[in-house]
Amino acid sequence: MHGLITNIDNAIITYLAITIAALIISLILTYAALRIRVITRDAVIPSVLVGSMILLGGPSSILPFVVFLGSSSALTKVGVEKKEELGTAEDVRGRNWKQVLAVGLVPSTLALLAGMAYFARDMAMYQLLSTAAVTSIAYSNADTWASELGVLSRSRPRLITRPWTTVDPGVSGGVTLLGELSSFTGSMAIALTYLGIQYLLKFLGYIGSVNIWLVIVVLVLGYLGEVLDSVFGALFQPKYMCPRCGVMTDREVHVCGERTVRIMVVMTLRMRMSTYSYRP
């Protein structure tokens, strides 16, 4: 009995030590991110929180999240002049606290739970939660790649629920071929990272086998999450029409300087398409 209590005490001390180490590392990384303007000042506390939880999830979530942060930060700098001209370069100034929580809260929570499952030696639950965390990261990466590269497409975006309707670059629900290819590639980048980590963990003896199907789940669900997000954006995000340019936008004032006109959106249980209001 005394030995069991001692083992439990040692486990708690070990976990606390790991938690403190994760917090310190997260503080250092957050400070670096602030210095290079990856995040804004109001995002410091959320970034420390998300970073600590990701670190506690272990390498299965750490490396995919690093790939996501690195690639998304790099892609915000691609074509920045055109993005500023189109008014879609908000992330160039760094992610604010809302953006950090939007992309990091779900995967970091799942990663934390996965780390706790591993610590409890529940390997089946660990793999399930790790895969869920990485899938969430794959979705965020797919969405970011689609947004940052799709806006640079030479062809005008089309509303995903109404392909015959063209919209402004950056409008919620607007898609291009370049954007969708970028989205799939972004999800694939995370899936391949996850696959590499699984083989490494197997080589080191931390897991018994590599489940390829879990990697495919990450790839497919990560991409489909971005597609579903576009559908929701097309259906539920308020839309406006520029009377001068005749282009649909999310903005009350178009990039040309003209004030836009609100398009009445009809929402029914049957998810009917948006329609223009008519007033005699």
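Just so it is clear, the structure is predicted and the values come from calculations on it, not from any experiment.

Caption draft 1: Here's a closer look at helix α8 (residues 212-236). Taking 1.5 Å of rise per residue, the 25 residues of α8 would be expected to cover 36 Å, and the 36 Å separating its terminal C-alpha atoms lies within 8% of that figure. For α8, the secondary structure elements touched by its buried residues are α6 (123-150), β1 (158-159), β3 (174-175) and α7 (177-204). Put simply, Asn211 is the residue that caps the front of α8, since its side-chain oxygen is 3.0 Å from the backbone nitrogen of Trp213.

Caption draft 2: View of α7. End to end, α7 covers 41 Å across 28 residues, agreeing with the expected 40 Å (1.5 Å per residue, within 8%). Note on α7: the residue one or two positions beyond its end, Gly205, has a positive phi of about 90 degrees.

Caption draft 3: The environment of Ile190, seen in detail. Tracing the chain through its elements places Ile190 in helix α7. For Ile190, a relative accessible area of 0% translates into the label buried. Separated by 49 residues in the primary sequence, Ile190 and Asn141 place their C-alpha atoms 7.6 Å from one another. Residues within four places of Ile190 in sequence aside, it is in contact with Pro64, Val67, Phe68, Val134, Ile137, Ala138 and Asn141.

Caption draft 4: Summary view of the pairing of strand β2 (residues 162-166). Sheet topology places β1 next to β2; 2 bridges connect them, and they run antiparallel. Within the sheet, the bridge partner assigned to Arg158 lies in β2 and is Thr166. Where β1 folds back onto β2 in an antiparallel hairpin, the turn is made up of 2 residues.

Caption draft 5: How the structure looks around the nonpolar core. Judged by nonpolar contacts, the single largest core of 22 residues is most densely connected at Phe65, Phe68, Ile190 and Val218. Of all the secondary structure elements, the ones that give two or more residues to this core are α2 (44-56), α3 (59-75), α5 (97-119), α6, α7 and α8. Beyond its immediate sequence surroundings of up to four residues, Val218 is in contact with Thr131, Val134, Thr135, Ala138, Ser187, Ala191 and Tyr194. Listed in part, the 7 residues of the second largest apolar core include Ala117, Ile197, Leu201 and Ile207.

About the criteria used
Residues numbered from 1 in each chain as written. Predicted model: local features only at pLDDT ≥ 70, side-chain atom pairs only at ≥ 80, totals over all residues. Heavy atoms only, no water. Helix = DSSP H or I, 4+ residues; strand = E, 2+ residues; numbered from the N terminus. Expected span 1.5 Å × (residues − 1). Contact = heavy atoms within 4.5 Å. Polar contact = N/O pair within 3.5 Å; in protein donor to acceptor, adjacent residues only side chain to side chain. Buried < 20%, exposed > 50% of the residue type's maximum accessible area, 1.4 Å probe, protein only. Pairing = 2+ DSSP bridges. Core = buried A, V, L, I, M, F, W, Y, C linked by side-chain atoms within 4.5 Å.

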